[in-house]
Amino acid sequence: MSADPQDQHGELVVVTGMTGAGRSTAAKELEDLGYYVVDNMPPSLLRDVVRLVDESRGIQQPVAVVVDVRSGSFFETLQANLALGATGRHATLVFLEATDDVLVRRQEAARRPHPLQGTGRLLDGLQRERDVLAELRSDADLVIDTSALNVHQLTDRIAEAFGTPDTRRLKVTVTSFGFKYGIPVDADFVADMRFLPNPYWIPELRDGTGRDPEVASYVMSQAGAAEFLDGYVPVLERVAEGYRREGKRFMTVAIGCTGGKHRSVAMTEEIARRLSAAGFEARPTHRDLGRE
């Protein structure tokens, strides 16, 4: 039996639903999960967008498109394309909704008028939107009521539906840096290794880096190094678990010394190794290595 051609293609997810129900949050999570996301797309362009992604990124690239009520009558085109399988991909239609009182509260907090409100009340706009989207909602493969969900809970629902074990894992980057070049602006945590003796002042170690066994051995043998690692890494593990529960996908730990060549490099390698051994997806990087 020959394989279904659609099995070779990445997933196509179409996200729609009520204004204020969380379309932007869903789109951001799908992007973090590796999807190529097109927001506010006219449904009539669906086939063209998928074709362009196939040509530029390959047929296995998963795609997500977000359409809203501003697309109006174009929804008929969307439904027709999905019904006919015109994109050549397996498509999932996701509809996000919430109760009127929740949507009103969210819209008022955002201080934005409803796109169908006109000169009437916000509730009038919501009712018009429900009428326009009623048929699309009935065709949805997955309906998510976000009335009682916060942002993290909604991202968890999207990750459960469309993520893989790899995309749902927290990715930890441990990076070394030199304080004289500035602290990394994207760091969630910063630790200072300048409390350890500097191998730079050891002639036979000066030209080496923290990746060299003899330099790493020197750094690790210094008073306080092992105690720091034994205390700091468990803290990072606990925080990483909390990040994962809250739906964060990335964590950056910056380890600094004067020039980012010896102490911070050695400690970065060891911290990443310990986090990996504890089951986290951790990788060491070295921002300033080679700048001197």
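Conventions adopted
- Residues numbered from 1 in each chain as written.
- Predicted model: local features only at pLDDT ≥ 70, side-chain atom pairs only at ≥ 80, totals over all residues.
- Heavy atoms only, no water.
- Helix = DSSP H or I, 4+ residues; strand = E, 2+ residues; numbered from the N terminus.
- Rg over C-alpha atoms; globule rule 2.2 N^0.38 Å.
- Buried < 20%, exposed > 50% of the residue type's maximum accessible area, 1.4 Å probe, protein only.
- Contact = heavy atoms within 4.5 Å.
- Areas by Shrake-Rupley, 256 points an atom, 1.4 Å probe, with all protein chains shown as cover.
- Lys, Arg positive; Asp, Glu negative; His and termini not counted.
- Charge placed at Lys NZ, Arg CZ, Asp CG, Glu CD.
- Phe/Tyr/Trp six-rings, centres within 6.5 Å; stacked < 30°, edge-to-face > 60°.
- Lys NZ or Arg CZ within 6 Å of the ring centre and 35° of its normal.
- UniProt positions renumbered as here; feature names shortened; annotations may be inferred.
- Pairing = 2+ DSSP bridges.
- Axes fitted to C-alpha atoms, helices over the stretch in contact; angles between N-to-C directions.

**Side note on the overall build of the protein chain**
- Counting its secondary structure elements, the protein chain contains 11 helices and nine strands.
- For the protein chain, the C-alpha radius of gyration of 25 Å lies well beyond 19 Å, the compact-globule estimate for 292 residues.
- With the C-alpha coordinates of the protein chain rotated into their principal frame, the extents come out at 75 × 55 × 30 Å.
- Here the protein chain holds 292 residues, and the buried ones make up 45% of them.
- By sequence separation, contacts in the protein chain at least 24 residues apart represent 80% of the contacts at least 6 residues apart.
- Accessible area of the protein chain: about 15000 Å², with a carbon and sulfur share of 50%.
- Taken as two groups, the 35 positive and 43 negative side-chain charges of the protein chain have centres that lie 5 Å from each other.

**Overview of the packing of aromatic side chains**
- The final tally for this structure, using the stated rule, is five aromatic pairs.
- Among the aromatic residues, those joined into a ring-pair cluster are Phe-195, Phe-228 and Tyr-232.
- Geometry around Tyr-200 places Arg-206 over its ring, the cationic atom sitting 4.5 Å from the centre.
- Residue placement shows Arg-291 over the ring face of Tyr-181; its charged tip is 4.0 Å from the ring centre.

**A short note on the UniProt feature "binding site: GTP" (unreviewed entry) in the protein chain**
- UniProt annotation of "binding site: GTP" (unreviewed entry) refers to Asp-68, Val-69, Arg-70 and Ser-71 when read in the numbering used here.
- On the basis of relative accessibility, which here comes to 5%, the residue Asp-68 falls in the buried class.

**Section: the sheet that holds strand β8 (residues 250–257)**
- Strands sit in the order β7-β8-β6-β9 across an open sheet of four strands; the sheet is parallel. Each edge of the open sheet carries a strand with a single partner, namely β7 (189–192) and β9 (281–286). Within the sheet, the average angular offset between the axes of one strand and its neighbour, ignoring direction, is 20 degrees.
- Against the sheet, helix α10 (residues 225–245) engages β7 and β8, with an angle of about 155 degrees to β8.
- Across the face of the sheet, helix α11 (residues 263–277) comes into contact with β6 (171–178), β8 and β9 while running at roughly 170 degrees to β9.

**Description of unusual backbone geometry**
- Look at Asn-40: it is not a glycine, yet its phi comes out positive at around 55 degrees.
- Looking at the element boundaries, Asn-40 is found in the loop between β2 (36–38) and α2 (46–57).
- The exposure class assigned to Asn-40 is partly exposed, which follows from its relative accessible area of 38%.

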